[in-house]
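These are the residues of each chain, in order.
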Amino acid sequence: WYDERARELVTVIDRRDQSTLITMALSVTPEVSLRPTRAVPVERALAHRTMDLEGVAPAGDGHVFISSEGEAVNPEAPSPGVFEYTREGRYVRSLPIPSAYVGLRSNLGFEALSASPDGRRLFVAAESSLRQDGGPATADAGALTRILVLDPSGLAAAREYAVQCFELNYLLYN
């Protein structure tokens, strides 16, 4: 996520042993340049579970939302979810996720995260189909995946959109 006000790129490192929030200075003249300016360890949302951080989006009060892939049914796997953190890496809260997402596949969970311009909605995309939606995408067969729309204020129920993804060969050869 690019923080236009601060003119910084905010991203994550998804090392499961030490998840980290990275801030980078970005310049585009005379050429594109990224320079890391800060690395902050991120607290675990659940003390007994690692995290596999993937996406970053702005939250209120200068905080950030971070998505983590994972597998809800396997306590040995990283914790899936969308979490609010301070820019200092302190855990604030977990956003409620519909129970269907217990079907996330290991390392194919919440890959993408974005916020609406007004900050009233978060868009979270699963990397692959949920177990109950069929098999994952292969070279010859596509898969159904989901985009989840969350209201960070908690005032509105989550919404979901099903998206039919192409087979992997389509992406490689078209």
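Residues numbered from 1 in each chain as written. Predicted model: local features only at pLDDT ≥ 70, side-chain atom pairs only at ≥ 80, totals over all residues. Heavy atoms only, no water.

Participant: How would you summarise the sheet that holds strand β3 (residues 20-27) if you had to cite specific residues and measurements?
Facilitator: Strand order across the open sheet formed by four strands is β1-β2-β3-β4, with antiparallel pairing between neighbours. Of all the strands in the sheet, just β1 (2-3) and β4 (33-41) have a single pairing partner and so form its edges. Where β3 meets β4, eight bridges bridge the pair, whose relative direction is antiparallel. Looking at β4, one finds that Met24 is bridged to Pro36. (Pairing = 2+ DSSP bridges. Helix = DSSP H or I, 4+ residues; strand = E, 2+ residues; numbered from the N terminus.)

Participant: I'd like a rundown of the nonpolar core, residues and numbers included.
Facilitator: By size, the foremost hydrophobic cluster in this structure holds 16 residues, and its most contacted members are Phe65, Val82, Leu113, Leu122, Val124 and Leu150. Counting only elements with at least two residues in this core, the list comes to β9 (110-115), β10 (122-126) and β11 (143-150). In this structure, Val10, Leu21, Val42 and Ala45 belong to the second largest nonpolar core, which totals 12 residues. (Core = buried A, V, L, I, M, F, W, Y, C linked by side-chain atoms within 4.5 Å. Buried < 20%, exposed > 50% of the residue type's maximum accessible area, 1.4 Å probe, protein only.)

Participant: Please provide a residue-by-residue account of the sheet that holds β9, values included.
Facilitator: Read from one edge of the open sheet, four strands run β9-β10-β11-β12, paired in antiparallel fashion. What marks the edges here is a single partner per strand, and that holds for β9 and β12 (159-165). Taking the axes of each pair of neighbouring strands and ignoring which way they run, one obtains an average angle of 20° across the sheet. Sheet analysis places β10 next to β11, joined by four bridges and oriented antiparallel. (Axes fitted to C-alpha atoms, helices over the stretch in contact; angles between N-to-C directions.)

Participant: Before we move on, could you go through the pairing of strand β2 (residues 8-13) and cite the residues and values that matter?
Facilitator: Two strands pair when backbone bridges link them, and β1 and β2 are joined in this way by two bridges, in the antiparallel orientation. Looking across to β2, one finds that Tyr2 is bridged to Leu9. Counted along the chain from β1 to the antiparallel partner β2, the turn is four residues long, and its residue Arg7 has a positive phi close to 55°. Strand direction decides the pairing type here: β2 and β3, joined by six bridges, are antiparallel. Counterpart to Thr11 in the pairing with β3 is Ile22. Hairpin connection, β2 to β3: the antiparallel pair is bridged by six residues.

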